[in-house]
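A look at the structure
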Amino acid sequence: MNMQMLKDTARLLFADDKGLLAMDESNGTCNKRFAALGIAQTVEARRAYRELIVTTPGLGESIGGAILYDETIRQKKSDGTPFVKVIIEAGITPGIKVDIGARELAGHPGEKVTEGLDGLRDRLEEYFQMGARFAKWRAVIAIGDGLPSWGCVEANAHALARYAALCQEAGLVPVVEPEVIMDGDHTLEQCGEITDEVLRTVFGELYAQRVVIEGMILKPNMVLPGLACTIEPSLEEVADATVNCFLRAVPAAVPAIAFLSGGQPAELASARLNAMNVRFKSRMPWALAFSFARAIQQPALEIWKGRETNVVAAQQVLVDRARCNQAARRGEYSQQMEAK
Ligand code: 13P
């Protein structure tokens, strides 16, 4: 294992207060987002949309890494230039989603386990050859009546650790994503307890599989109430619950924590990340960054709507969101940035 390369990649991804852009929606998820806006659900529409993203002027100033999907990493611009080349020339490191999705966990109604370990060593080698330098695997943990079960947390944590070890062997920085999802009416406190339990279990498994902590990235959820919970917490309450949870459960050797957005409104995700950096910057051993999909892309997608004439306006909104999140890493994000 080339430890120095892994550390260098991890540092590069988050240098200059940059973060990650997750653009790795599976075809099913991408089609669902397109369908909601009346965009054709075709391979060409997905390619055109990803071309819009990777050719956005100035994106590399606030985005250090872009997570691609298997279809996307093989695609090209309309002029024939491979997306990977375009991304690298923009100063962005290409990454790749390598799990193959979450499926029902046998014997555990309402719970899922993420699959994709079979043949993963060979796939990682291929992705490395194609230019990817980091990877992502997402586990899904639901909160509900008696959920999550220990069996679900343990199975997902074990798979994350097996994936992470294989990534490091292949020279790819693993982005380890255990997502406690927002569905349900649970409170912020309940989300905090479950997130804490999940993170402790994940790091236990990472140690057991000999994953080098300095050469990985954690991609967690923020500690938030469920979507159906009627109590809306303040920015400060979210910041305190989230960072205090990580201070207890995440080793200081982790170079960066990069949040998923999980369906939060884009501006709120920026404001919450900002509040965490404002309140805790001097006390956190890791960079506190972002790896958003919807909270960067959704406003741009709503402007694009599949039309060539909207590309420039959509790119502007995309780069604005990326800049807002870079400012949030610095604790310098403000509502005035949105007005602009
Ligand atoms: P969201 O930011 O839309 O939650 O997506 C992040 C992600 O990569 C999910 O795996």
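So, here is what we can say about the structure in this document. Sequence positions are assigned chain by chain, starting from 1 and proceeding in written order. Under the rules for a predicted model, residues below a pLDDT of 70 receive no local features and side-chain atom pairs below 80 are neither given nor counted, while totals for whole chains, interfaces and linings still include all residues. Just so you know, side-chain values use all the structure's heavy atoms and leave hydrogens and water out.

Considerations on the overall build of the protein
Working definition: helices are DSSP H or I runs of at least four residues, strands are E runs of at least two. Numbering for both runs from the N terminus. Each helix and strand in the protein was counted, giving 13 helices and ten strands. By its C-alpha atoms, the protein is 50 × 45 × 40 Å across when sized along the principal axes. Within the protein, contacts between residues at least 6 apart in sequence are counted, and of these 79% link residues at least 24 apart. Per-residue and other accessible areas were derived by the Shrake-Rupley procedure at a 1.4 Å probe size, with only the shown protein chains allowed to occlude residues. Summing over all exposed atoms, the protein offers an accessible surface of approximately 13900 Å²; the carbon and sulfur share of this is 51%. Whether two residues are in contact is decided by their heavy atoms, any of which lying within 4.5 Å being enough.

Comments concerning the site of the ligand
The ligand sits among 13 residues. The nearest are Lys136, Lys219, Ser261, Gly262 and Arg294. Residue Lys219 places a side-chain N or O atom 2.7 Å away from an oxygen atom belonging to the ligand. Here the ligand loses 93% of its free accessible area of 300 Å² to cover by the protein chains. Among the elements of the structure, strand S6 (134-141) and strand S10 (287-292) are those that each provide at least two residues to the shell around the ligand. Three residue categories are used. Nonpolar comprises Ala, Val, Leu, Ile, Met, Phe, Trp, Tyr, Cys and Pro, charged comprises Asp, Glu, Lys and Arg, and polar comprises the others, including Gly. A breakdown of the residues in the shell around the ligand according to their chemical character gives four nonpolar, three polar and six charged. The rule for a residue being near a molecule or strand is that one of its heavy atoms must lie within 4 Å of it. Whenever a nitrogen or oxygen atom comes within 3.5 Å of another N or O atom, the pair is scored as a polar contact, on the condition that within protein one atom can donate a hydrogen and the other can accept it, and that pairs from neighbouring residues in sequence are kept only if both atoms are in side chains.

Structural notes on helix H3 (residues 43-54)
Residue pairs three or four apart in sequence face the same way in an α-helix, which turns once every 3.6 residues. In a helix, the anticipated span is given by 1.5 Å times the number of residues less one. For H3, spanning twelve residues, the distance from its first C-alpha to its last is 16 Å, which sits close to the expected 16 Å at 1.5 Å a residue. Of all twelve residues making up H3, nine are buried, and the element is well covered by its neighbours. Only protein chains enter the calculation, and the probe is 1.4 Å; a residue is then buried if its accessible area is under 20% of its type maximum, exposed if over 50%, and partly exposed in between. The complete set of buried residues in H3 reads Ala45, Arg46, Arg47, Tyr49, Arg50, Glu51, Leu52, Ile53 and Val54. Along its buried surface, H3 packs onto strand S1 (19-22), helix H2 (27-36), helix H4 (70-73), helix H5 (83-89), helix H11 (294-304) and helix H12 (311-330).

Side note on the pattern of salt bridges
Note on definitions: salt bridges are taken to be side-chain nitrogens of Lys or Arg within 4 Å of carboxyl oxygens of Asp or Glu. One pass over the full model with this rule turns up 24 salt bridges. For the salt bridge of Asp8 with Arg11, the shortest nitrogen-to-oxygen distance reads 2.7 Å. In this pair, Asp8 and Arg11 are both assigned in helix H1 (residues 3-13), three residues apart and thus about one turn of the helix distant. Residue classification places Asp8 among the partly exposed positions, given a relative accessible area of 30%. One salt bridge connects Glu115 with Arg103, and the closest N-O pair in it is separated by 3.3 Å. You can see Glu115 sitting in the loop between strand S5 (112-114) and helix H6 (120-130) and its partner Arg103 sitting in strand S4 (residues 102-104), a full twelve residues away along the chain. A residue is classified by how much of its surface remains accessible, and Glu115, at 32% relative accessible area, is partly exposed. Through salt bridges that share partners, Asp17, Arg329 and Arg330 make up one connected network.

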